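Each chain is listed here by its residues.
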2 protein chains.
Amino acid sequence: MNSSFTFPFDISSSDTVRVIPLGGLGEFGKNMMAFECDDAIIVIDAGVMFPEEDMLGVDLVIPNVAYLRDRAYKVKAIILTHGHEDHIGALPYILPQLNAPVYGTRLTLGLLQNKLREHRLLDEADLRLIDADSRLDLGPFQVEFVHLCHSIPDAVGVVMRTPAGLILHMTDYKFDAHPADGRLTDEARLKALGDEGVRLLLSDSTNSETPGYTPSEQELERVLDNLIGRAPGRVLLATFASNISRIQQVIDVAERHGRKVGVTGRSMINNTRMAVELGYLRAPSDGFLTVEQMNYLPPERVVIICTGSQGEPTSALVRMSQGRFRQVRLGKGDTVIISAAPIPGNEKMIHRTLDNLFRLGADIYYDELFDVHVSGHGSQEDQKRMLELTRPQHLIPIHGEYRQLVLHARLAREMGIPEQNISVIENGQVIEVGPDWIMPAEVVENGRVFVDGLGVGDVGAVVLRDRRHLANDGFLLVMIGLDEETGDVIVGPEIISRGFVYMAEAEMLIEEAKEVVWDVLDRYESVDEVINHLHRSLADYCFRSTGRRPMILPFVVEL
Amino acid sequence: MNSSFTFPFDISSSDTVRVIPLGGLGEFGKNMMAFECDDAIIVIDAGVMFPEEDMLGVDLVIPNVAYLRDRAYKVKAIILTHGHEDHIGALPYILPQLNAPVYGTRLTLGLLQNKLREHRLLDEADLRLIDADSRLDLGPFQVEFVHLCHSIPDAVGVVMRTPAGLILHMTDYKFDAHPADGRLTDEARLKALGDEGVRLLLSDSTNSETPGYTPSEQELERVLDNLIGRAPGRVLLATFASNISRIQQVIDVAERHGRKVGVTGRSMINNTRMAVELGYLRAPSDGFLTVEQMNYLPPERVVIICTGSQGEPTSALVRMSQGRFRQVRLGKGDTVIISAAPIPGNEKMIHRTLDNLFRLGADIYYDELFDVHVSGHGSQEDQKRMLELTRPQHLIPIHGEYRQLVLHARLAREMGIPEQNISVIENGQVIEVGPDWIMPAEVVENGRVFVDGLGVGDVGAVVLRDRRHLANDGFLLVMIGLDEETGDVIVGPEIISRGFVYMAEAEMLIEEAKEVVWDVLDRYESVDEVINHLHRSLADYCFRSTGRRPMILPFVVEL
């Protein structure tokens, strides 16, 4: 790609908008886009992603915001499109670096406030409430919103009137004729924007591998109605704590069948309470069950909503499946519904949980066996409808792994958008939008910043490489004290090893390793040489005798 | 469960058969069953399973055969039902412990021989060829075979005539009216056995979550025909190296479209060659392409079959996707077909490979997008058909994770087998089959033995726990040399850490940790006390300052 100085246009020209993707393109999660024009930058979303298998010990992954930090004075707003973790989860880590006002709808800010409170950042944060009818005047950006239907209420798309034309950031959406909260994606408004002339559309690619429309929440309600209606005893339903729409459906269905509803699991309780307070969730008419009531009401009168749909080790459902959750004991006669799709990478943990639930003798309904979940993301037909309504000149597929972006682009070509008007790009690749051209510019700093415990960004390639090495084969450390003057060995050799062989049963191996050390000591004099050859000889010895390659740590002290 | 001494029957009675499951029940892979009667034990299959995420550094998992080892003199035969890894892969590790004759069909033994040769065990092994018509007289067991249709040719079910009645071990199968090699599952024989009266059936549960029949290989052939027929350039197809049937289909389809076929990847080349030699694969009429021909023939005349369908890091396809495979360079115009289902746990690796292939601009057809694979395992209707044909008195669902065993049992109940005649059991749970009773007996030693490098079984719970600890947070080791007489510190404190923080940027942390060490040294005298408190204080300090819990290794030497 061109770097900016080979570029024939004046990039600081005030009618140019620079689109700067910092997360969510070519990966699952940590969504973040920035838009820059003149002296203003608008950031849309700041999400986390969950660490992949090879990111050992990492708790969370957030976007690298070096580009924004270097221009913090220009950042006029961070706009949140909805309250899911992959859109708001990085804010507690990023806000201290940017400290711009944060705009969000009532539910989104409600979820964010819980999060900022935990990080003791609530007081400093400048949170500003918007709704679908708000208008913001942010320098060159005139910002408006469009209500979108998603698996959480109160989601909005962002409409930016810019000197380069109308830019739509349509985040996560689907076209559902019967959503749980009754509020449809605002198609009339999307069509009106299309009539006005859309210069650039950014649109969700998550489900571009799935044909058809994403089924309506109403179809799911029928399934739940059937399952809960005929369940002989207690019903337990696991879903994401942020899936307020699903929770609402379960409450509605439960009431219809004369059942009371309880919620359990910390995040589920917090979110439910907050959503009820803000008016996004209609609580059961006589409130939620207490733990006592969950256990002492007749089972056929009880529905319990909990976390754990991804097999998360500390979640309520997983602890129940292992008999480690004191508030609820599961067994024969209970019905468990897992109402969520597996996030790729979680399959094994989910299967383990399912197997444990089956061992308890409960009746289990889950994704692979039964349609107990509908996605919050639009499928191919939803994506086409978005294109039909908005008729953009140019498309950037966002939110998805690389193949999903490509498939979204393929769909757009089939809809008549010329190939050169579709930018399949990845994080960091800046796109410049001028009044009569759209072109790639330079690649800016981007990537993944790891959160591990209290550390943000201090675990990098070296630490991870060491963790992977230790994880596979452990380490073997040899300590030797040499007389500074004579070079005689006066301490050791002592050998410590963990994760390599079981020390208590590897006496012979340790003795032989010491022989290797003595041999090196006999052959070399200088400490540097000794260390160097200890490293090589011990590595060889370990591989020859075990087929493994532990990390070798020679430690020679002169006394 | 009862242990044997509370059991009211004489278990050594010569008309009792003990069914001893040692692998594959409640897990995916490492299939192994034993049948014991009087002084004879027959073992069926000896498979591996791939390590799960938390089995760090482990290469393979094999069954624990302590029960068989203790009775090695009784083991009359190891019978292999087919040549897949989860049925034969553990033999190189288990054969040295048991050294019994190994029975298998021609293709199965061909695959096994390759494996034993690599382990230098071929000369000692006593391999005995069988076919579907063979009969073996193994003491109290009269053994016959039934041809079964699976995703590898030459698979057989095992029929045992025993003093307790007819026992069928029906391993992996499906009912396919049009298999690639034209040989159907022998339904007439299954029905005849059913007429005779089957005391106990053991039957595959892998696909018990899937309704209907598993589609025929013929349906897949139509899909391949269509894709290969219209592909504009080169076609690359990835599947398991053991999927000889699929390889045959691709060869057939390619010839029909005037394309030549090449194979690449070590295991694919070895297996193809062996299967052609043994007559299980019809090679293309003018042989396989050389590497040169793959590259210099017009692309529209070429099909290449390779490994890598699971995203295995060293496979041909994965190296191609990263541009690291010199023999074949992929790009625009190429068509890639991934003809295999993801093994649970491999999804992420597969997705990463797909994304890289998309980045190269190739056209990709894969499981989530297109029906380019059919399973080798029967679905619910196949399982029902097996029950209908054999009409067993008793069923033990085998081969599957726990939920799959339960769902198979549920199916059998719907087919009219009473609940008490179905044993949903896990590894180690012995079932005793007498002439007029079938009951659970004791649980015998069982479990997972880890192969890591050259070590078989030496990596256990302690080593794995250490590896997990090191993987998450690394270690911090402190070394101190004390004067034996005065107790003064004469060496150190020296701190070494890996995988915890990036040492080069953590000077302050290391200095503060040393302060913690000095503080402990000031307060305590005895070496034991010092070690004890170093451990606690350093752990506290690390957690307070980083939120992490590295393994703390205090190392105090008296000089």
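Here the residue numbering is sequential within each chain, running from 1 through the sequence in written order. Ligands are numbered from 1 and chains lettered from A, in the order in which they are written. Where totals are concerned, whole chains, interfaces and linings use all residues; where local detail is concerned, this predicted model gives features only for residues with pLDDT of at least 70, and gives and counts side-chain atom pairs only at 80 or more. The basis for the side-chain values is all heavy atoms of the structure; hydrogens and waters are excluded.

**What about the interface of chain B and chain A?**
(1) Moving on: Should any heavy atoms of two residues lie within 4.5 Å, those residues are counted as being in contact. Counting residues at the interface gives 67 residues for chain B and 67 residues for chain A.
(2) Moving on: Reported buried area values correspond to the accessible surface (1.4 Å probe) lost by two parts on association, with both partners' losses combined. Buried surface at the junction of chain B and chain A, summed over both partners, amounts to about 5800 Å²; 58% is from carbon and sulfur atoms.
(3) Moving on: When a carboxyl oxygen of Asp or Glu is within 4 Å of a side-chain nitrogen of Lys or Arg, the pair counts as a salt bridge. Counting every contact that joins chain B to chain A gives 16 salt bridges.
(4) Moving on: Note that Asp458 of chain A is salt-bridged to Arg548 of chain B, the shortest N-O span being 2.6 Å.
(5) Moving on: Residue polarity follows a fixed list, in which Ala, Val, Leu, Ile, Met, Phe, Trp, Tyr, Cys and Pro are nonpolar, Asp, Glu, Lys and Arg are charged, and the others, Gly among them, are polar. Residue classes in the side of chain B that touches chain A are distributed as 29 nonpolar, 12 polar and 26 charged.

**As for the relation of the copies chain B and chain A**
Between the two copies of the chain lies a rotation about an axis combined with a shift along it.
(1) Moving on: Take chain B, turn it by 180°, move it 0.0 Å along the axis, and it overlays chain A with an RMSD of 0.1 Å. The two molecules are tied by a two-fold rotation axis, judged by turn and shift. When C-alpha positions in chain B are compared against the rotation axis, the closest is assigned to Ala471 of chain B, at 2.3 Å.
(2) Moving on: Interface overlap between copies: 100% of the residues of chain B at the interface are likewise at the interface in chain A, consistent with a symmetric, same-surface contact. Alignment of copies: least-squares fit on C-alpha atoms of residues with pLDDT of at least 70 in both copies.

**Considerations on the sheet that holds strand β22 (residues 455–456) of chain B**
Residue and element names in this part refer to chain B.
(1) Moving on: Pairing between two strands is assigned when DSSP locates at least 2 bridges connecting them. For the purposes of this entry, the term helix denotes a DSSP run of H or I that reaches at least four residues, the term strand denotes a run of E that reaches at least two, and both are numbered from the N terminus. Read from one edge of the open sheet, three strands run β4-β21-β22, paired in antiparallel fashion. Each having just a single partner strand, β4 (60–63) and β22 make up the two edges of the open sheet.
(2) Moving on: Pairing of β4 with strand β21 (residues 448–452) involves four bridges; the strand directions are antiparallel. Note on β21: the bridge partner recorded for Pro63 is Arg448.

**Quick word on the sheet that holds strand β23 (residues 475–482) of chain B**
All names here are of chain B.
(1) Moving on: Pairing is mixed across the open sheet formed by three strands, whose spatial order is β24-β23-β25. Each edge of the open sheet carries a strand with a single partner, namely β24 (489–498) and β25 (551–558). For this sheet, the mean inter-axis angle between neighbouring strands, taken without regard to orientation, is 10°. Here an axis means a line fitted to C-alpha atoms, over the contact stretch when the element is a helix, while the angle between two N-to-C directions is reported on a 0 to 180 degree scale.

**Comments concerning the packing of aromatic side chains**
Residue and element names in this part refer to chain B.
(1) Moving on: Between 30 and 60 degrees the pair is tilted, below 30 it is stacked and above 60 it is edge-to-face, where a pair is any two Phe, Tyr or Trp rings, Trp via its six-membered ring, whose centres lie within 6.5 Å. In the structure shown here, the tally under the stated rule is seven aromatic pairs over all chains.
(2) Moving on: On the numbers, 5.8 Å between centres and 70° between planes, the contact of Tyr173 with Phe175 is edge-to-face. With respect to burial, Tyr173 and Phe175 carry one shared label: buried.
(3) Moving on: For the ring pair Tyr365 and Phe370, a centre distance of 5.1 Å and an interplane angle of 75° mean the geometry is edge-to-face.
(4) Moving on: Judged by relative accessible area, Phe370 falls into the partly exposed class, the value being 30%. Think of it in three bands: with a 1.4 Å probe and only protein chains considered, a residue is buried below 20% of the maximum accessible area for its type, exposed above 50%, and partly exposed in between.

**Brief notes about the pattern of salt bridges**
Where charged atoms from two side chains of opposite charge approach closely, those side chains can pair.
(1) Moving on: Within the structure shown, the criterion is met by 78 salt bridges over all chains.
(2) Moving on: Several salt bridges converge on common partners, so that one network encompasses Glu27, Lys30, Glu52, Asp54 and Arg448 of chain A together with Lys348 and Arg352 of chain B.

**Thoughts on the pairing of strand β8 (residues 135–138) of chain A**
All names here are of chain A.
(1) Moving on: Judged by which residues are buried, β8 turns out to be one-sided: Leu136 and Leu138 face inward and are buried, whereas Arg135 and Asp137, on the alternate face, are not.
(2) Moving on: Here four bridges tie β8 to strand β9 (residues 141–148), and the two strands are oriented antiparallel to one another. Bridge pairing in β9 links Leu138 to Phe141.
(3) Moving on: The turn linking β8 back onto β9 is made up of two residues, and Gly139 within it adopts a positive phi angle of 60°.

**A short note on the packing of helix α6 (residues 217–230) of chain A against helix α7 (residues 244–256) of chain A**
Residue and element names in this part refer to chain A.
(1) Moving on: Direction vectors running N to C along α6 and α7 enclose 40°, while the axes themselves pass 10 Å from each other. It follows that α6 is oblique to α7 by the angle criterion. Handedness of the α6/α7 crossing: right-handed. Two secondary-structure elements touch here, α6 through Glu217, Gln218, Leu220, Glu221, Leu224, Asp225 and Ile228 and α7 through Arg246, Gln249, Val250, Val253 and Arg256.
(2) Moving on: For the contact of α6 with α7, the residue count by class is five nonpolar, two polar and five charged. Roughly parallel means an angle under 35 degrees; roughly antiparallel means over 145; roughly perpendicular covers 65 to 115; every other angle is labelled oblique. Put simply, a crossing is left-handed when the front helix is turned counterclockwise from the back one by less than a right angle, and right-handed when it is turned clockwise.

**Observations regarding a negative patch on the surface**
(1) Moving on: Think of a patch as exposed residues, more than 30% relative accessible area, with no salt bridge, where like charges cluster within 9 Å and nonpolar side chains (Val, Leu, Ile, Met, Phe, Trp, Tyr) cluster within 5 Å. All accessibility values rest on the Shrake-Rupley procedure with a 1.4 Å probe; residue burial counts only the protein chains present in the view. Under the counting rule used here, the positive set is Lys and Arg, the negative set is Asp and Glu, and His together with the chain ends is not counted. Here the site of a charge means NZ on Lys, CZ on Arg, CG on Asp, or CD on Glu. A cluster of acidic residues, Glu219, Asp367, Glu368 and Asp371 of chain A, forms a negative patch at the surface.
(2) Moving on: As for its position among the elements, Asp371 of chain A is in the loop between β17 (363–365) and α12 (380–390).

**A word on the domain arrangement of chain A**
All names here are of chain A.
(1) Moving on: What the domain assignment lists for chain A is domain 1 (17–212 + 375–447), domain 2 (217–365) and domain 3 (461–558).
(2) Moving on: Listed as interface residues are 18 residues of domain 1 and, on the opposing side, 15 residues of domain 2.
(3) Moving on: Carbon and sulfur atoms supply 60% of the area buried between domain 1 and domain 2, which totals about 1600 Å² over both sides.
(4) Moving on: Counting every contact that joins domain 1 to domain 2 gives two salt bridges.
(5) Moving on: As a salt-bridge pair, Glu118 and Arg266 come within 3.6 Å of each other at their nearest N and O atoms.
(6) Moving on: A 3.5 Å cut-off defines polar contacts: any pair of N or O atoms within that distance qualifies, except that in protein one atom must be a possible hydrogen donor and the other a possible acceptor, and neighbouring residues in sequence count only when both atoms are side-chain atoms. Taken together, the links from domain 1 to domain 2 amount to five residue pairs in polar contact (both at pLDDT 80 or more).
(7) Moving on: Of the residues in the side of domain 1 that touches domain 2, the class split is seven nonpolar, six polar and five charged. Residue ranges for the domains trace back to a domain assignment, done automatically or taken from a database.

**Describing the nonpolar core**
(1) Moving on: Among the nonpolar cores identified, the biggest contains 65 residues, and Met32, Leu68, Ile78, Leu91, Leu112, Ile305 and Ile337 of chain B are the most heavily contacted of them.
(2) Moving on: Here the element with the most residues in this core is helix α7 (residues 244–256) of chain B; it accounts for six residues.
(3) Moving on: Two domains share this core, each providing at least three of its residues, namely domain 1 (17–212 + 375–447) and domain 2 (217–365) of chain B.
(4) Moving on: Apart from the residues lying within four places of it in its own chain, the contact partners of Leu112 of chain B are Leu80, Ile88, Leu91, Val102 and Leu127 of chain B.
(5) Moving on: Listed in part, the 64 residues of the second largest apolar core include Leu22, Leu121, Val250 and Val374 of chain A. Residue types Ala, Val, Leu, Ile, Met, Phe, Trp, Tyr and Cys, when buried and joined through side-chain atoms within 4.5 Å, form a set referred to as a nonpolar core.

**Remarks on the pairing of strand β25 (residues 551–558) of chain A**
All names here are of chain A.
(1) Moving on: Taken across its eight residues, β25 has seven buried, putting it largely inside the fold.
(2) Moving on: As judged from the eight bridges shared by strand β23 (residues 475–482) and β25, these two strands associate in the parallel manner. Considered in β25, the bridge of Met479 is made with Phe555.

**Some thoughts on the confidence of the model for chain A**
All names here are of chain A.
(1) Moving on: What pLDDT conveys is the predictor's confidence in a given residue, as a value from 0 to 100. Chain-level statistics for chain A give a pLDDT mean of 91 and a share of 98% at 70 or above.
(2) Moving on: Within the model, the stretch residues 1–11 combines pLDDT values under 50 with 18 contacts to residues more than four positions away or in other chains.
(3) Moving on: Predicted complex, confidence summary: ipTM 0.86, pTM 0.89.

**Structural notes on the environment of His394 of chain A**
Residues and elements named next belong to chain A.
(1) Moving on: For His394, the location among the structural elements is in strand β18 (residues 394–398).
(2) Moving on: A residue is classified by how much of its surface remains accessible, and His394, at 3% relative accessible area, is buried.
(3) Moving on: Measuring from C-alpha to C-alpha, the distance between His394 and Asn226 comes to 45 Å, with 168 residues separating the pair along the chain.
(4) Moving on: For His394, the residues in contact, after removing those within four places along its chain, are Arg199, Leu200, Leu201, Gln420, Asn421, Ile422, Ser423 and Ile438.

**Side note on α6 of chain A**
All names here are of chain A.
(1) Moving on: Over its 14 residues, α6 extends 20 Å from the first C-alpha to the last, a length consistent with the 20 Å expected when each residue adds 1.5 Å.
(2) Moving on: Three or more residues of α6 are buried, namely Glu217, Leu220, Glu221, Leu224, Leu227 and Ile228. The arc enclosing the buried residues of α6, seen along the axis, measures out at 135°, which places them on a common side.
(3) Moving on: Where α6 is buried, its residues touch β13 (235–238), α7, β15 (302–306), β16 (335–338) and β17. Multiply 1.5 Å by the residue count of a helix minus one, and that product is the helix's expected span. Arc definition: directions from the helix axis to the C-beta atoms.

**Some points on unusual backbone geometry**
(1) Moving on: Omega for the bond connecting Gly492 of chain A with Pro493 of chain A falls within 30 degrees of zero, at -5°, which places this linkage in the cis form.
(2) Moving on: Relative to the assigned elements, Pro493 of chain A resides in strand β24 (residues 489–498).
(3) Moving on: One non-glycine residue, Thr171 of chain A, lies in the positive phi region at around 30°.
(4) Moving on: One can find Thr171 of chain A in the loop between β11 (165–169) and α5 (187–196).
(5) Moving on: Phi is positive for Asn99 of chain B, close to 40°, though the residue is something other than glycine.
(6) Moving on: Mapped onto the fold, Asn99 of chain B is located in the loop between α3 (91–98) and β6 (102–104).

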